[in-house]
Structures are given as C-alpha cells and as structure tokens.
Amino acid sequence: MSPGWTAFSRPRTLLWAAMAAYAAAFASLSVLRHDAFETGRFDLGNMVQPIWSTAHGHFLQVTNLHGQQVSRLAAHADPILVVFAPLWWLWPSPKLLLTTQAILVALGALPLYWLARKHLTSERAALGFGLAYLLYPATEWMTLNEFHPVALACPLLLFAIWYLDENRLLPFAVFGLLAALTKEEVPAVIAGLGVWYALSRRRWLAGAAIALAGIAASAVDVQVVIRHFNHGSQSSFYDRYEAVGGSAVGIVRKAFTDPGRLLSVAFDHRGTHYLLDLLLPIGALALLTPLLLIALLPELALNLLSSVDAQRSIHFHYTAGEIPILFAAAVLGVRRLGRRADLAAAAAVAAALVGNYLLGPIPVWRFLPGGQTLQAKAAHVSAHDKIALRALKLIPPHAPVTATNALGAHLSERLRIFSFPYLRDADWVAVDERKPSIGDHNSPKKGLTRIKRLRRDPRFRLVLEQDGVLIFRRR
C-alpha cells in the first residue's frame with residue numbers, strides 16, 4: 001500500500017473528507033431548494049431581513065405579520081444573527097446563510113470525534129461516531145430546514161461539551177456563550193451541562209456556576225429581552241402551551257397539580273414516535289449515560305409539551321439542542337463497554353444508516369427501488385421557478401413589497417416586506433397562484449380568493465402575469 005493511500009485511509013482524514021462531502025452536498029441541496037422556491041418568507045426570509053437591516057444600519061429590524069417594524073428580539077433571543085451582517089457585505093444573498101449553516105453543522109463531527117477518541121481510545125470508533133452524526137436523520141433534516149440560528153447551537157454545543165470534558169473552562173465559556181446567543185432556551189441546555197459536570201466530576205463550584213448562569217440567561221432572555229422588545233408582553237409562542245399551563249410558571253404549577261396532564265400530552269402517539277426517531281437512529285446508546293441526559297430535559301419538555309406538531313418532529317430545527325447531548329451521552333456510555341467500543345460505534349453507524357433510509361432526507365435513496373424523497377423533488381428547479389425568478393427582478397431592490405410565502409424568501413433583502421394579503425403600505429405585490437398560501441397562516445383556497453380580489457383592486461395595476469406568477473404595482 002502506497003504512503004499516500006495510507007495517509008488517506010487514516011480515520012482523521014476520512015472524517016475530514018466526510019465533513020467536506022456533507023457540507024458540499026447539503027449546502028448545494030439547500031441552495032437548490034431555495035432556487036426551487038421551497039424556502040419561505042417564514043422562516044428563511046425572516047432571518048435574511050434582520051441581517052440585511054443590521055448591515056444597513058437598522059439593528060435586527062423585521063416586518064411582522066401585521067406590517068409593523070419590530071425587533072427580531074421580540075420573537076426570539078437570537079442576537080447571533082448580528083455576526084452575519086459583516087458577512088452580508090461580502091456575499092449579499094440568502095445562500096450565504098444556507099451555505100454557512102451546512103458547513104458549521106458538518107464541523108460538529110470534529111469535537112465528537114475528539115471526545116470519542118479520548119474516551120474510547122480508538123480512532124476507528126471515533127470515526128464511527130463522527131460518521132453516525134453526519135448520517136443521523138435529525139442532523140440532516142435540521143440542516144435542510146431553511147436557516148435558523150439555533151441550528152448553529154448544535155456544533156457549538158458539541159465544541160462546548162468537548163472543552164468542558166477537558167476541564168478547559170475558558171474555551172467552554174466561549175462556545176457556550178456563542179451557543180446561548182442562538183435562542184433563548186439554549187442556555188437552559190448549558191445549565192444541564194453544568195449539573196452533569198458537577199455530579200460527574202465533583203466540580204461542585206464550577207458546575208453550580210455554569211448551571212446558575214444558564215438558568216439566569218434563559219430567564220433574562222424570556223422575561224427581560226423578549227418582553228422588552230415585545231412592548232412588555234410575554235412571548236407569543238406561549239400560546240403553544242395553553243393546554244399545559246400557558247407559561248413557564250404555569251407549566252411548573254401544572255407539574256405539581258396535574259402531572260398526569262403533562263404526561264398525557266408529552267407521551268401521546270406523536271410524542272412517543274418523536275422520542276423513538278431521536279433514539280433509535282443512534283442505537284439508543286445515549287441511554288447508557290442517563291446523567292448527561294439531564295441537559296436534554298429543557299428541550300424535550302419544550303418540544304413534547306407543545307401543541308405545534310413541528311416541534312415533535314425530527315424534520316425541523318427544534319432538535320438542535322438535543323442532538324449534541326444525545327451523541328455525547330452515547331460516546332460516554334459506550335466507554336463502559338470497554339473493548340467492544342469499536343463494535344458499538346459500528347452499530348451506531350449501522351443504526352444511523354437504517355434510520356436514514358427510513359427517516360432521512362438524503363436524495364441518493366431515490367435511486368433505490370421505490371425511492372423518491374420529498375427533498376429530491378423539492379430540489380428540482382422547474383420552468384415555473386425560473387419564470388418566478390425572472391418576474392421578481394421587476395421589483396426594485398428597496399421598494400416595500402407584499403408577497404406570498406414562497407416568493408417572500410427571495411424578496412426579504414429590504415427594510416419592509418409584508419405578507420400577502422397585507423396591502424396597505426406596499427408599492428408592489430408578488431403572488432404565485434400555484435403557491436397562494438403563506439404557510440400556516442392562510443389556506444390555499446383563501447389565498448386564491450384573495451388573489452382574485454387583488455385583480456379587481458383599483459389601487460394596483462397588473463404589470464406581469466405568466467404561468468400563475470403575478471406582479472402588481474400601486475397606481
């Protein structure tokens with residue numbers, strides 16, 4: 001065997017090759033989905049607008065569903081979006097966010113590899129867990145779920161776990177802080193890591209400090225930051241928890257007064273399947289380290305108790321804080337198996353492969369008998385999509401515009417963008433009769449009815465109509 005082939009076959013080199021392939025494939029697929037108008041004003045455009053606004057001197061400003069200019073922080077405490085503003089000057093495109101997300105998620109395999117190599121004393125086992133992470137269905141769905149800053153918490157938490165395991169508290173604090181800036185509940189996950197660190201390492205003071213800092217940060221995000229930018233009101237997302245208390249305090253109260261209600265909501269059919277979809281594609285190895293799973297509880301509680309089905313599905317970004325804990329717990333649990341670590345790592349890869357075939361989005365499965373995935377179809381840029389892209393070029397870059405959801409993702413690089421059927425302050429309107437709704441907010445039937453009304457609206461003139469794509473301009 002030649003020296004060059006030997007170097008390439010080393011586990012570390014294979015891991016870097018796998019990460020590069022993942023980043024390239026999922027960045028390309030995410031961009032294709034965007035070109036195929038499979039992204040939306042909610043949520044990709046809702047991330048593009050505050051970044052564009054910040055880059056142009058309007059700190060994290062967005063246009064809400066009611067046409068008001070508000071701060072992004074009124075919805076979620078994810079100020080890490082500010083980091084993308086300087087990058088926007090270099091690459092002013094939503095594709096910047098999609099590509100960056102794919103690259104950073106892929107890099108999460110690196111600290112996991114380090115952690116496994118340290119505790120399992122096997123580079124092959126470490127490679128196995130790195131590959132399992134990249135093949136894990138929830139990792140891939142999260143990467144393809146448009147762009148969400150909380151998705152960046154996944155690799156950042158993996159780096160934080162590595163440095164905490166190494167007792168290197170300063171770099172842990174850096175990565176923990178960055179992760180905490182991605183969404184308001186992520187500091188609660190870090191608090192769980194502090195509890196694990198205190199109990200597993202007997203580092204009581206440091207662990208308690210981490211736990212208290214995490215709890216305090218989440219509380220400040222929810223009770224101070226979001227309330228401040230939401231004009232004193234609590235987050236509108238509490239509506240998702242009306243059945244179990246309607247607020248953080250209400251949920252805690254319900255846990256004492258009616259715990260059966262919480263259990264029945266959390267572990268119904270959909271909730272149970274959600275847990276299985278998280279655990280089985282990693283061979284349920286995370287259960288071998290139950291102490292670390294304490295850090296999983298905040299995110300699991302938020303997702304399992306929510307009335308929104310998307311939160312109890314691996315197809316969305318809500319798994320971002322769960323994936324790092326599950327994989328770190330799996331690695332530390334396999335350490336107990338001693339010499340069988342390589343076998344356990346191979347089992348993790350096999351479980352991830354099977355899980356990927358049954359649950360994952362990888363388009364390559366379409367080449368197998370009967371295979372054709374939703375993502376493969378979504379990544380096809382049709383003639384209709386090309387027509388829509390040309391039509392949107394008629395709209396001036398900074399003009400206030402109203403758009404249906406799919407078109408809105410391509411028009412959010414401006415200070416004011418409204419969601420159809422809001423018309424009041426818009427100078428331009430872009431609608432697609434093939435995709436008339438705006439996601440969860442209108443039914444397609446209602447959307448088509450409103451488009452018919454717009455055709456008769458004397459305030460607007462139809463300037464283009466082609467293949468169901470309509471562009472109107474205010475008279």
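Conventions and cut-offs
Residues numbered from 1 in each chain as written. Predicted model: local features only at pLDDT ≥ 70, side-chain atom pairs only at ≥ 80, totals over all residues. Heavy atoms only, no water. Helix = DSSP H or I, 4+ residues; strand = E, 2+ residues; numbered from the N terminus. Rg over C-alpha atoms; globule rule 2.2 N^0.38 Å. Buried < 20%, exposed > 50% of the residue type's maximum accessible area, 1.4 Å probe, protein only. Contact = heavy atoms within 4.5 Å. Areas by Shrake-Rupley, 256 points an atom, 1.4 Å probe, with all protein chains shown as cover. Lys, Arg positive; Asp, Glu negative; His and termini not counted. Charge placed at Lys NZ, Arg CZ, Asp CG, Glu CD. Axes fitted to C-alpha atoms, helices over the stretch in contact; angles between N-to-C directions. Parallel < 35°, antiparallel > 145°, perpendicular 65-115°, else oblique. Left-handed = near helix turned anticlockwise from the far one by under 90°. Nonpolar A, V, L, I, M, F, W, Y, C, P; charged D, E, K, R; others polar. Core = buried A, V, L, I, M, F, W, Y, C linked by side-chain atoms within 4.5 Å. Arc of directions from axis to C-beta. Pairing = 2+ DSSP bridges.

Asks: Talk me through the overall build of the protein; I want residue IDs and the actual numbers.
Replies: Check the secondary structure of the protein and you find 22 helices and seven strands. The C-alpha atoms of the protein give 23 Å as radius of gyration, which agrees with the globular expectation for 475 residues (23 Å, within 12%). Projecting the C-alpha coordinates of the protein onto the three principal axes gives extents of approximately 75 × 60 × 45 Å. In the protein, which comprises 475 residues, the share counted as buried stands at 55%. Taking the contacts inside the protein whose residues are at least 6 apart along the sequence as the reference set, 70% of them involve residues at least 24 apart. Here the protein displays about 20700 Å² of accessible surface, and carbon together with sulfur accounts for 64% of that area. Of the charged side chains in the protein, 47 are positive and 31 negative; the average position of the first set lies 1 Å away from that of the second.

Asks: Give a description of the packing of helix α7 (residues 123–135) against helix α18 (residues 341–359) that names residues and reports values.
Replies: Put simply, α7 and α18 touch, their axes get as near as 8 Å, and they point 15° apart. Considered as vectors, α7 and α18 are oriented roughly parallel to each other. The element α7 and its partner α18 pack so that their crossing is left-handed. For the pair formed by α7 and α18, the contact residues are Arg124, Ala125, Gly128, Phe129, Leu131, Ala132 and Leu135 on the first element and Ala341, Asp342, Ala345, Ala348, Val349, Ala352, Leu353 and Asn356 on the second. Tallied by class, residues from the contact of α7 with α18 come to 11 nonpolar, two polar and two charged.

Asks: Pulling in residues and values, what's your account of the nonpolar core?
Replies: Among the nonpolar cores identified, the biggest contains 112 residues, and Leu97, Phe129, Tyr133 and Ile325 are the most heavily contacted of them. With 11 residues, the top contributor of residues to this core is helix α9 (residues 153–165). Not counting chain neighbours up to four residues away, the residues in contact with Ile325 comprise Ile161, Val189, Leu193, Leu292, Leu293, Ala295 and Leu296. Core analysis: the next-biggest nonpolar cluster, separate from the first, contains 17 residues, Phe37, Leu392, Trp428 and Ile471 among them.

Asks: Describe helix α16 (residues 297–304), and please don't skip the residues or the numbers.
Replies: Those residues of α16 that sit buried are Glu299, Leu300, Asn303 and Leu304. Along the axis of α16, the buried positions cluster into a sector of 115°, meaning they face one direction only. In this structure, the buried residues of α16 make contact with α11 (186–201), α14 (259–266) and α15 (269–279).

Asks: Explain the sheet that holds strand β5 (residues 428–432) to me, and be specific about the residues and the numbers.
Replies: Spatially, the five strands line up as an open sheet ordered β4-β3-β5-β7-β6, and their pairing is mixed. Looking at the sheet topology across the chains shown, the edges are occupied by β4 (417–419) and β6 (460–466). Ignoring which end each strand starts from, the neighbouring axes of this sheet average 20° apart. With six bridges connecting them, β6 and strand β7 (residues 469–474) associate as antiparallel partners. Bridge assignment links Gln466 to a residue of β7, and that residue is Val469. This element, helix α20 (residues 383–392), spans β5, β6 and β7 of the sheet and lies at about 10° to β7.

Asks: With reference to specific residues and values, describe the environment of Leu212.
Replies: Turning to its location among the elements, Leu212 is positioned in helix α12 (residues 204–229). Given a relative accessible area of 58%, Leu212 falls into the exposed group.

Asks: Give a description of the packing of α9 against α11 that names residues and reports values.
Replies: Think of two packed helices as two axes; the pair is described by the angle between the axes and how far apart they sit. With their axes 12 Å apart at the nearest point, α9 and α11 run at an angle of 20° to one another. Looking at the two axes, α9 sits roughly parallel to α11. Considering only the axes of α9 and α11, their crossing is right-handed. Taken together, the residues of α11 that come into contact with α9 (itself represented by Ala153, Leu157, Ile161, Leu164 and Asp165) are Val186, Val189, Ile190, Leu193, Trp196, Tyr197 and Arg201. Classifying every residue of the contact of α9 with α11 gives 10 nonpolar, no polar and two charged.

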